Amino acid sequence: MLRTLTLVSILCGLAVTGWMFTRNQLQTTEAAPAAILQAAATAMEFSHRANGTYAGAAPDGVTLVWADQFRYCIEATGWFVSGPGGVPAQGSCPR
């Protein structure tokens, strides 16, 4: 009886640990593209202040979909930011 109880306790502990690890991994992979895009949007703003336009200022790791003197849209792994002042959102840049 004691062996069975010990085995069940170990299995429950492993199940809870696995669930917590999986939950943490899902949250991390969801937050990563938003963080990358937020950093890229900051780089776009610095480039705009230096050059007067957003065109041609694509930071590494993102795709510059469109840009002009006043606005831009960048994408990375199923997320996008339309700026200036935009927030990361799932989907692709509006055309």
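Everything numeric in this text was worked out from a predicted model, so none of it was measured. (Residues numbered from 1 in each chain as written. Predicted model: local features only at pLDDT ≥ 70, side-chain atom pairs only at ≥ 80, totals over all residues. Heavy atoms only, no water.)

> Describe the state of the cysteines, and please don't skip the residues or the numbers.
Within the structure shown, the criterion is met by 1 disulfide. The side chain of C73 participates in a disulfide bridge whose partner is C93; the two sulfur atoms lie 2.0 Å from each other. Of note, the bridge from C73 to C93 carries an S-S torsion of about -95 degrees and is left-handed in sense. A residue pair is termed long-range when its members are at least 10 positions apart, and C73 in strand β2 (residues 72-76) and C93 in the segment after β4 (89-90) qualify at 20 residues. Note on C73: relative accessible area 0%, which makes it buried. A relative accessible area of 3% means that C93 is categorised as buried. (Disulfide = S-S within 2.5 Å. Helix = DSSP H or I, 4+ residues; strand = E, 2+ residues; numbered from the N terminus. Buried < 20%, exposed > 50% of the residue type's maximum accessible area, 1.4 Å probe, protein only.)

> Provide a residue-level description of the pairing of strand β1 (residues 63-67), including the pertinent values.
Pairing of β1 with β2, which is carried by 4 bridges, proceeds in the antiparallel orientation. What sits directly across from T63, in β2, is E75. The turn joining β1 and β2, which pair antiparallel and follow one another in sequence, is formed by 4 residues. (Pairing = 2+ DSSP bridges.)

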